[in-house]
Amino acid sequence: MEFPFDINQIFSERVSILDQTLVAGRRSAERPDLQGHIATVIDELGRASAKAQQLTAPITSASKLQSQRHQLYLLKDGESSGGRGVVVGFLKVGYKKLFLLDRGGVHIEAEPLCVLDFYITENLQRHGYGLELFDFMLQHKNLEPMLMAYDRPSPKFLSFLAKHYSLTQSVPQVNNFVVFEGFFFFNRSVAQLRKVPLKKPDGEIKPYSLMEREVVRQEQRTLPWPFAPPHSPQRLVSSQCSHSLSMRSSPSRAPPQVVPPSCPGCSRIQSPQSPLIDRYRERRSRNSCGVFA
Ligand code: ACO
């Protein structure tokens, strides 16, 4: 993606990490005009991503980034466009408080890092840039992809996760988020998982989290969710949906609350013979980056 200004002047690194401040390194902090360019780049990327996902409105924009505690990883190719550089794509992540269902159907409150938006420009897709960006984020966060939640992943993204990280078995949810086998087991030691009582004083727990993506979708009210593989979670958001937007992000994590080992659905993946754990350990031993390093 080319712009009428010098990308290398704004983004000095191959991957820049942007947040609420819209600052990409010292240079842009000192130059308000460069911040305007940064906003232009983010807006343009957000629009292109929305178009690629057939959303009627972007879920990523400079103003949204300024108002939400998300992080946006931006990848450039500094050599292209006569040395001015081109923007290759972006990956947006953020912590979300979610109500999830484990394999046994137990409601679990969690606040995992979520992939919220991900886009590589059309002509550069399937060249390994997505993997480069995603791996960069994983290393930066010192995280494994299995520990993350994915906000309504597109078919391309699901294929990407299956290919590069062997994430194929999702645990069915009733919201738009996808988590994969191992999420509940491995997150118990590193993140916040809390069993949620089925009844709250003011009524039943409704494990739905309405996110930016869903807000956009509700605005559309046209196309159904285009992807429904055999193992994919239930995509329908019930009309009883508690429209409680989980917009709060928490960069500082609360102390872990461990789910009792007796929770239904945990027994299978806790088994020392679990092929999942074997596979995961094998992968871990090949890759030194991650929470178990
Ligand atoms: N069709 C099917 N699978 C695809 C496609 C495609 N057109 N493009 C990428 N993939 C998957 C495949 O598994 C592919 O492997 P293969 O070529 O052997 O089949 C693999 O990704 C390629 O890996 P990379 O080259 O590292 O990925 P890429 O640079 O293309 O980035 C991404 C992946 C971000 C999904 C990109 O394809 C894209 O921007 N797609 C359009 C926007 C989109 O769907 N974003 C995800 C939204 S959901 C969310 O953000 C939570």
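Residues numbered from 1 in each chain as written. Predicted model: local features only at pLDDT ≥ 70, side-chain atom pairs only at ≥ 80, totals over all residues. Heavy atoms only, no water.

Caption draft 1: Focus on the packing of aromatic side chains. In the structure shown here, the tally under the stated rule is 14 aromatic pairs. Here Tyr73 and Phe136 contribute two aromatic rings whose centre-to-centre distance is 6.0 Å and whose plane-to-plane angle is 70°, an arrangement assigned as edge-to-face. Remark: Phe136 occurs in helix α5 (residues 129-141) and Tyr73 occurs in strand β2 (residues 71-77); sequence separation between them is 63 residues. Assessed through its relative accessible area of 32%, Phe136 is described here as partly exposed. (Phe/Tyr/Trp six-rings, centres within 6.5 Å; stacked < 30°, edge-to-face > 60°. Helix = DSSP H or I, 4+ residues; strand = E, 2+ residues; numbered from the N terminus. Buried < 20%, exposed > 50% of the residue type's maximum accessible area, 1.4 Å probe, protein only.)

Caption draft 2: Geometry of the confidence of the model for the protein chain. Confidence in the prediction of the protein chain, expressed as mean pLDDT, is 76, and 64% of residues score 70 or more. Contacts of residues 222-274 to residues separated by more than four positions or lying in other chains number 99 contacts, the stretch itself having pLDDT below 50. Taken together, the stretch residues 287-293 has pLDDT below 50 and engages in 19 contacts with residues farther than four places along the chain or on a different chain. (pLDDT = per-residue confidence, 0-100. Contact = heavy atoms within 4.5 Å.)

Caption draft 3: Focus on the pairing of strand β4 (residues 98-101). The sheet contact formed by β4 and strand β5 (residues 107-110) spans 4 bridges and is antiparallel. Paired with Leu100 across the two strands is Ile108, which belongs to β5. Between the end of β4 and the start of β5, which pair antiparallel, lie 5 residues, with Gly105 showing a positive phi angle near 80°. (Pairing = 2+ DSSP bridges.)

Caption draft 4: Just α5, in detail. In this model α5 runs 18 Å from its N-terminal to its C-terminal C-alpha over 13 residues, within 8% of the 18 Å that 1.5 Å per residue would give. Every buried residue belonging to α5 is among Tyr129, Gly130, Leu133, Phe134, Met137 and Leu138, and all of these are buried. Contacts made by the buried residues of α5 are with β1 (15-18), β2, β3 (86-95), β6 (113-120), β7 (149-151) and α6 (155-165). Positive backbone phi, approximately 50°, marks Asn142, located one or two places after α5. (Expected span 1.5 Å × (residues − 1).)

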